[in-house]
Amino acid sequence: MRTMILRVQWLVLLLVWSTAWAGNGALPASVQAALRQANIPASHVGVVVWEVGKPAPLLSHDDRLSFNPASTMKLVTSYAALELLGPAYTWKTEVYTDGSLVDGVLTGNLYIKGYGDPQLTLERFWLLLRELRSRGVREIRGDLVLDQSYFSLPAADPASFDGEPGRAYNAVPAALMVNFNSTALRLTPVSGGVAVYADPLPPGMRLVNKLQLDNAPCGEWRDRIDFQWLPGNGNSRLVLNGNYAAACGEKSTAFNLGDASVSVADAFRMLWQESGGRFTGNWRTGEVPASAQRLVVFESPPLAEVVRSLNKFSNNVMARSLFLSLGAVKNGAPGNTQKSADVVRDWLARKGLHFPELVLENGSGLSRIERISPRSMAQLLLAAHNSPVFAELESALPIAAVDGTMKSRGKDTPLAGHAHIKTGTLEGVKTIAGYVFDQTGRRFVVVFDINDTNAAAGGAAQDALLEWVYGGR
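Quick notes on the rules
- Counting restarts for each chain: residues are numbered from 1 in the order of the written sequence.
- It should be noted that, the model being predicted, local features are given only for residues of pLDDT at least 70 and side-chain atom pairs only at 80 or more, the latter also being counted only at that level, while totals for whole chains, interfaces and linings use all residues.
- Where side-chain values are given, they derive from all heavy atoms of the structure, hydrogens and water being excluded.
- Only strands that DSSP links by at least two bridges are regarded as paired with each other.
- A run of DSSP states H or I qualifies as a helix once it reaches four residues; a run of E qualifies as a strand once it reaches two. Both are numbered from the N-terminal end.
- Each axis is a line fitted through C-alpha atoms, and for a helix only the stretch in contact is used; angles between axes span 0 to 180 degrees, taken between their N-to-C directions.
- Residue burial is assigned from relative accessible area. The probe radius is 1.4 Å, only protein chains are included, and a residue is buried under 20% of its type maximum, exposed over 50%, and partly exposed in between.
- The arc in question is the one spanned by the directions pointing from the helix axis to the C-beta atoms.
- The nonpolar core is taken to be a set of buried Ala, Val, Leu, Ile, Met, Phe, Trp, Tyr and Cys residues, with the residues joined through side-chain atoms within 4.5 Å.
- What makes two residues a contact is simply this: any of their non-hydrogen atoms within 4.5 Å.
- A residue counts toward a patch only above 30% relative accessible area and without a salt bridge, and it is joined to like-charged neighbours within 9 Å or, for Val, Leu, Ile, Met, Phe, Trp and Tyr, to nonpolar neighbours within 5 Å.
- Shrake-Rupley sampling with a 1.4 Å probe provides the accessible areas, and residues are treated as covered by the protein chains on show and by no other component.
- By convention in these notes, a salt bridge is any Lys or Arg side-chain nitrogen within 4 Å of a carboxyl oxygen on Asp or Glu.
- When charges are counted, neither His nor the chain ends are considered; positive counts come from Lys and Arg and negative counts from Asp and Glu.
- Where a charge lies is defined by one atom per residue type, namely NZ (Lys), CZ (Arg), CG (Asp) and CD (Glu).
- Relative orientations are named as follows: roughly parallel for angles under 35 degrees, roughly antiparallel for angles over 145 degrees, roughly perpendicular for angles from 65 to 115 degrees, and oblique for any other angle.
- Lys, Arg, Asp and Glu make up the charged group, whereas Ala, Val, Leu, Ile, Met, Phe, Trp, Tyr, Cys and Pro make up the nonpolar group; the residues left over, Gly among them, are polar.
- Pairing of aromatic side chains here covers Phe, Tyr and the six-membered ring of Trp, requires ring centres within 6.5 Å, and sorts the geometry by plane angle: under 30 degrees stacked, over 60 edge-to-face, intermediate tilted.
- Counting as a charge over the ring demands two things of the Lys NZ or Arg CZ atom: a distance within 6 Å of the ring centre and an angle within 35 degrees of the ring normal.

Participant: Report on the sheet that holds strand β6 (residues 110–114), specifying residues and quantitative values.
Facilitator: What the five strands build is an open sheet, ordered β16-β8-β6-β3-β17; its pairing is mixed. With partners counted over all chains shown, the strands left at the sheet margins are β16 (283–285) and β17 (293–299), one partner each. Mean inter-strand twist for the sheet, computed between neighbouring axes without regard to direction, equals 20°.

Given below as structure tokens:
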């Protein structure tokens, strides 16, 4: 009997100690050491480690504070979309005419109406035009009219976020957008210089390559190149200045082309001509008239596939399009950010999730004002684990040492392949959020937010926490 009483007392003391330890913010020694090495104060980080199915976190540190989550905010958008729209949801792109088609000649205007397809790549836009050709259209004697009315957005300057308008992540969403409104640039060393290829290279755009090849280490190679976009009426130039290291071998990057409608029109001209079609008219934006005849309905891949591309590679313009689609579908077109934020907040409330600190701007994390606490993010991920769409959400997250933005993290460690983690990075922000299996097969939700001027150096501390969760406790 005495032995049983002592055992109960010990278990009570152990429970009290564990609860106090979880709430007092004691970070693992390896994490503390990595933070000191990066010169990041512990007061500038928020951490939650919470085993699925448990009533309280195993570890919490400043988890109720509001942090800028960077791209981990995409988890909120993705989970909401999977539940509200469904994993099989698809976006339409429609083609109409107000004229007549006789012997392959379309006499009248051609209208293309977008509904926010986040994955209307150049290849898929070619398939859309190929389908139009299969309907017998060979020549268009009229104008191309692009209908962007499904979204309503104020005019936006892609340079406003960080002064880098040419970076692909700064592309502004549109209801009709092709290839993420960007062109892919491939750079490769050649004898005596650097070869640069652009795909697509829109009509009227000229690539001016002034890069110099050198023997410097590869490192942050993109930062050594100055991309200058000089738009013009049929005479646009993309000028590349700077240096490129031979040690880099072949690299690729993407460049934001600016106005989405211009890019769609350019892609249409290029692909229509390549397919053997003829078009000599002009283009403009406008709405499809009620009397127009629909020629083609082209569907996107399902949402479950889209969120994989969106999260694995942290595509901002895809996330912003998805966020806008939530508002347009659930609160009526045209979609805007306020409608979408209202939809997400209502959805959270219905799930019993109350995040008073939550700030939503565009749903992608490419924001200086979006906020959520580590605890709220952890509660969201715990709720997702009990959702019918959990398999689709987890499979969309990068896997440590395997793919996406986690491909180079956790290599040659026991953690490899055992963590599905969304990453986030902005200047002064470095975040992770997702799921980790420990070595006994238990699943944990892990959130680690860093908001500090030295945040970029915080990856080692985050990796130390992931390894600790896997097996170092």
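Participant: How would you summarise helix α2 (residues 29–38) if you had to cite specific residues and measurements?
Facilitator: Inspection of α2 places Val31, Ala34, Leu35 and Ala38 among the buried residues, and these make up the whole buried set. Along the axis of α2, the buried positions cluster into a sector of 100°, meaning they face one direction only. Residues of α2 that are exposed and point more than 90 degrees away from the buried face comprise Ala29, Arg36 and Gln37. Backbone geometry just downstream of α2 places Asn39 in the positive-phi region, at approximately 60°.

Participant: Account for the sheet that holds strand β11 (residues 205–214), naming residues and giving values.
Facilitator: Spatially, the three strands line up as an open sheet ordered β11-β13-β12, and their pairing is mixed. Only two strands of the sheet have a single neighbouring strand rather than two, namely β11 and β12 (225–230). Adjacent strand axes in the sheet meet at a mean angle of 5°, parallel and antiparallel pairs treated alike. Where β11 meets strand β13 (residues 236–245), 10 bridges bridge the pair, whose relative direction is parallel. Bridged to Arg206 within β13 is Arg237.

Participant: Got a sec to walk through the nonpolar core? Specific residues and values, please.
Facilitator: Judged by nonpolar contacts, the single largest core of 48 residues is most densely connected at Val344, Met377 and Leu380. In this structure, Met377 is in contact with Thr72, Met73, Leu75, Val76, Ile372, Ala433 and Val447, ignoring residues within four places of it in sequence. By size, the runner-up hydrophobic cluster in this structure holds 29 residues, among which are Val47, Leu415, Ala419 and Trp468.

Participant: Please give an account of unusual backbone geometry that cites residues and values.
Facilitator: The omega torsion of the bond from Asp199 to Pro200 falls at 0°, within 30 degrees of zero and hence cis. Within the secondary structure, Pro200 is located in the loop between β10 (193–199) and β11. Along the chain, Ala333 connects to Pro334 via a cis peptide bond; the corresponding omega equals 0°. Turning to its location among the elements, Pro334 is positioned in the loop between α7 (316–331) and α8 (337–350). A positive phi is found at Ser314, a non-glycine position, where the angle reads about 50°. Along the chain, Ser314 falls in the loop between α6 (303–312) and α7. With phi around 70°, Ala401 is a residue other than glycine that occupies positive phi space. You can see Ala401 is positioned in the loop between α10 (390–395) and β18 (419–426). For Ala401, a relative accessible area of 17% gives the class buried.

Participant: For a negative patch on the surface, give the residues involved together with the corresponding values.
Facilitator: A contiguous patch of negative charge, built from Glu164, Glu220, Asp223 and Asp226, is present on the exposed surface. Tracing the backbone shows Asp223 in the loop between β11 and β12.

Participant: I'd like to hear about the pattern of salt bridges, residue by residue, with values.
Facilitator: The full count for this structure, using the stated rule, is 18 salt bridges. For Arg442, the salt bridge identified is with Glu51, shortest N-O distance 3.5 Å. Separated by 391 residues along the polypeptide, Arg442 in the loop between β19 (429–437) and β20 (443–451) and Glu51 in strand β1 (residues 45–51) bring together distant segments of the chain. The partner of Arg124 in a salt bridge is Asp117, with the nearest N and O atoms 3.0 Å apart.

Participant: Tell me what's going on with the packing of helix α3 (residues 74–84) against α6, and back it up with residues and numbers.
Facilitator: Packed helices, taken two at a time, are described by their axes: the angle between them and the distance between them. It is the contact of α3 with α6, at a shortest axis distance of 11 Å, that shows an interaxial angle of 175°. The angle between α3 and α6 places the two elements in the roughly antiparallel class. Contact residues: Lys74, Ser78, Ala81 and Leu82 in α3; Leu303, Ala304, Val307, Leu310 and Asn311 in α6. Of the residues belonging to the contact of α3 with α6, the class tally is six nonpolar, two polar and one charged.

Participant: Which residues make up the packing of aromatic side chains, and what values do they have?
Facilitator: A full pass over the atoms with the stated rule returns 10 aromatic pairs. Measuring from ring centre to ring centre gives 5.7 Å for Tyr150 and Phe151, while their planes differ by 35°; the resulting arrangement is tilted. An identical accessibility class is assigned to Tyr150 and Phe151; each is buried. Among the aromatic residues, those joined into a cluster by ring pairs are Tyr115, Tyr150 and Phe151. One Lys or Arg, Lys92, reaches over the ring of Tyr115 and ends 5.0 Å from the middle of that ring. Lying over the aromatic face of Tyr115, Lys113 brings its terminal NZ or CZ to 5.1 Å of the ring centre.

On their own, these measurements won't tell you what the molecule is for.
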